[in-house]
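Read off the chains here:
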Amino acid sequence: MATTFPPGPSDWTFGVSLARGLKYRLIETYENLHRDYGDRVYCRIGPIRLYFFFHPDDVREVLVTHSKTIIRDPRPLRVFAQWNGNSMLIAEGEQWVRQRRLVQPAFQSRRFAGYAEKMDVGINALKQTLAADIARTGHADVDIDQTMTALTLDIICQTLFSTDMKSHTEEIRRAVATLSEIAFVEMQAPFIWPLWLPTQWNRRKKKAMRVMDEVVWEMVRQRRRENVDKGDLLSMLLAAVDDEGDGGSLTDEQVRNESMTLMLGGHDTTAAGLDWLWLLLAKHPDICERCRSELQTVCGNKAPTFTDLPALTYLNAVVREALRIYPPAIGVFLRKATEDVTIAGYEVPKGSLISLSSLVTHRDERWFPDPHRFDPDRFLPPRVDSIPHGAWFPFGTGPRVCIGQSFAMTEMMLIAGNLLRSFRVSLVPGQPEPVPVVTAALRPRDSLWLRFEPV
Ligand code: HEM
């Protein structure tokens, strides 16, 4: 067995500068490590052994081959557990298997036609708002992050919880933004201050957690009171019996935890993905035109529906390409080896941390030539065949792959297809180039203003 370490920075400050880089300039630091040391990088931060793997084969080794022994690093999970409880996102081993099994039926393909109908309701409401603005001023200028977050939140509440949250949208949006920011800072911190300490930080955190807690508990309690099966995720969770396992059901606390995870995970990352998709479309009118022409061929004069999606291959490639250049969930791939494992021929000792970066692998010119170019054709035959397995993983891969992957792809395609048919999109004049920052998701740092006009 190989006992050598991959190359990497070996400064006398024991990785302090690297730790600072990961904290303050995450994207740049990953890109520099890859450029300077290659596909496999090793370094120490104090007592911690840290490996970076950027090669697609290694991504699969970590996430697929060794998925049982390489688990999510528990440290960042403590942060998310503060508001998610011990949900599917946090759990490991048998407990995770059980929770995932109980939630999985909500993501069976037969449910998607129904979800898509509810998605259409939210999308049509947005189209009407944009049309009303256009009728007044000739165009609609929108803060795209606010607009997409409100839309995806509305969609997740309507589809999985049959609940209208419109009156709380802004409050929830602010709470989620606060929790995302807090999550990113606390994930880097050596410890988390106890919540009872009356610091300003804790006050903000408690307020945001209270908003989310009240919203989710109210949904769970109301459904218990009503005692009706609405055929959605919430009814499913409340009635769930683990037939394949212990035959038990979920407590209200567990239903609350899973609901919280799905409400947060189910809208925030998708909204971030849509922010970048719209930015790229605004900069590429030719690609928008090709989408419209495909929509016309496939759907005629009607809006795209769920049954049209398999035929919209170019639109699908457009969404995939946006998720390649800007993978929204880049902070989730920090893992820990629970046993000695061998990856890419290197012996990785038990206890080591292993980091992957979808952003670096997605922007590697060996797998994606001219990687910064928005070029959806790379996801169409024949070029798509030359993309190696493990080179594109915005949703992860292996057993812990995102449970909402098909949901998100359906949602993004319906939103993009519907709006592109009716509107041209461009940057509002004077809008500076957005700077990506990593909080819980990869987002534009400042407000990104886009202009919608009639086609
Ligand atoms: C563009 C949108 C989305 C992206 C990029 C995304 C990405 C991801 C990634 C990278 C993971 C972690 C994989 C890993 O750790 O190996 C994940 C996990 C997860 N995602 Fe998503 N996601 C998206 C949308 C959604 C939606 C719409 C839902 C729910 C409706 C959802 C629910 C979850 C859950 C519950 C997990 C944890 C799964 C587990 O640990 O078993 N996500 N997602």
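Everything numeric here is computed off the predicted structure, so don't read it as measured data. Starting from 1, residues in each chain are numbered consecutively following that chain's sequence as written. Only residues with pLDDT of at least 70 get local features here, since the model is predicted, and only at 80 or more are side-chain atom pairs given and counted; chain-wide, interface and lining totals rely on the full set of residues. In computing side-chain values, all of the structure's heavy atoms are included and hydrogens and water are not.

Asks: Give a description of unusual backbone geometry that names residues and reports values.
Replies: The omega angle of the peptide bond from Pro 381 to Pro 382 is 0°, so this bond is cis rather than trans. Numbering of helices and strands runs from the N terminus; a helix is a DSSP stretch of H or I covering at least four residues, while a strand is a stretch of E covering at least two. Tracing the backbone through its elements, the reader meets Pro 382 in the loop between helix H15 (358-362) and helix H16 (405-422). In this structure, Ser 162 takes a positive phi of about 45° despite not being glycine. When accessible area is computed with a 1.4 Å probe and restricted to protein chains, residues below 20% of their type maximum are described as buried, those above 50% as exposed, and intermediate ones as partly exposed. For Ser 162, a relative accessible area of 25% puts it in the partly exposed group. Not every positive phi belongs to a glycine, and Asn 227 is a case in point at roughly 55°. Tracing the sequence through the fold places Asn 227 in the loop between helix H9 (200-226) and helix H10 (233-239).

Asks: An account of the environment of Gly 390 is needed here, citing residue identities and associated values.
Replies: Positionally, Gly 390 belongs in the loop between H15 and H16. Taking C-alpha positions, Gly 390 is 5.7 Å from Val 59, a pair spaced 331 residues apart along the chain. What makes two residues a contact is simply this: any of their non-hydrogen atoms within 4.5 Å. Those residues within four positions of Gly 390 in sequence are excluded, and the remaining contacts are Pro 56, Val 59, Arg 60 and Thr 361.

Asks: Mind laying out the packing of helix H14 (residues 313-325) against H16, listing which residues take part and the relevant values?
Replies: Under this scheme, a helix contributes an axis fitted over its contacting stretch, all axes are lines through C-alpha atoms, and angles between N-to-C directions fall in the 0 to 180 degree range. Following both chains from N to C, one finds H14 and H16 inclined at 115°, their axes separated by 10 Å at the closest point. As far as their axial angle goes, H16 and H14 are roughly perpendicular. The crossing of H14 and H16 is right-handed. Where H14 abuts H16, its residues Leu 315, Asn 316, Val 319, Arg 320 and Leu 323 lie against Met 409, Met 412, Met 413, Ala 416 and Gly 417. Relative orientations are named as follows: roughly parallel for angles under 35 degrees, roughly antiparallel for angles over 145 degrees, roughly perpendicular for angles from 65 to 115 degrees, and oblique for any other angle. Crossing handedness is defined as follows: a turn of the near helix away from the far one that is anticlockwise and smaller than a right angle gives a left-handed crossing, while the clockwise case is right-handed.

Asks: Go over the coordination of the iron atom of the ligand with me, naming the residues and quoting the values.
Replies: Donor selection uses N, O and S atoms within 2.8 Å of the metal (3.2 Å for Na, K and Ca). Since no water is included, sites may look incomplete. There is one protein donor for the iron atom of the ligand, and it is Cys 402 (SG), at 2.3 Å. Position of Cys 402 relative to the elements: it lies in the loop between H15 and H16.

Asks: Break down the sheet that holds strand S9 (residues 423-427) for me, with residues and values.
Replies: DSSP bridges decide pairing: two strands pair if at least two such bridges lie between them. The strand order across the open sheet built from three strands is S4-S12-S9, with neighbouring strands paired in antiparallel fashion. Either end of the sheet is taken by a strand with one partner, and the two such strands are strand S4 (140-143) and S9. For this sheet the average axis-to-axis angle between neighbouring strands, irrespective of direction, equals 30°. Set on the sheet, H16 makes contact with S9 and strand S12 (449-454); between it and S9 the angle comes to about 95°.

Asks: Now, about the site of the ligand: what can you tell me, with residues and values included?
Replies: The rule for a residue being near a molecule or strand is that one of its heavy atoms must lie within 4 Å of it. The environment of the ligand is made up of 28 residues, and the closest members are Arg 72, Trp 96, Arg 100, Arg 335 and Cys 402. The separation between an oxygen atom of the ligand and a polar side-chain atom of Arg 100 is 2.7 Å. Going through the elements one at a time, helix H5 (93-103), helix H11 (252-265), helix H12 (268-283) and H16 are the ones with two or more residues in the shell around the ligand. The residue makeup of the shell around the ligand, split by class, is 17 nonpolar, seven polar and four charged. Each polar contact in these results corresponds to two N or O atoms within 3.5 Å; when the atoms are within protein, one needs to be able to donate a hydrogen and the other to accept it, and residues that are neighboring in sequence are counted only if both atoms are side-chain atoms. Polarity classes work like this: nonpolar for Ala, Val, Leu, Ile, Met, Phe, Trp, Tyr, Cys and Pro, charged for Asp, Glu, Lys and Arg, and polar for all others, with Gly in that last group.

Asks: Lay out the side chain of Arg 324 in plain terms, naming residues and giving numbers.
Replies: Along the chain, the position of Arg 324 falls in helix H14. With residues near it in sequence (within four places) discarded, Arg 324 still touches His 362, Arg 363, Phe 368, Pro 371, Arg 373, Arg 378, Phe 379 and Trp 392.

Asks: Just give me the short version of the pattern of salt bridges, but keep the residues and values in it.
Replies: Salt bridges are defined as contacts in which a side-chain nitrogen from Lys or Arg sits within 4 Å of a carboxyl oxygen from Asp or Glu. On inspection of all chains with the given rule, the structure shows 32 salt bridges. Among the charged side chains, a network of salt bridges with common partners joins Asp 370, Arg 373, Asp 375 and Arg 383.

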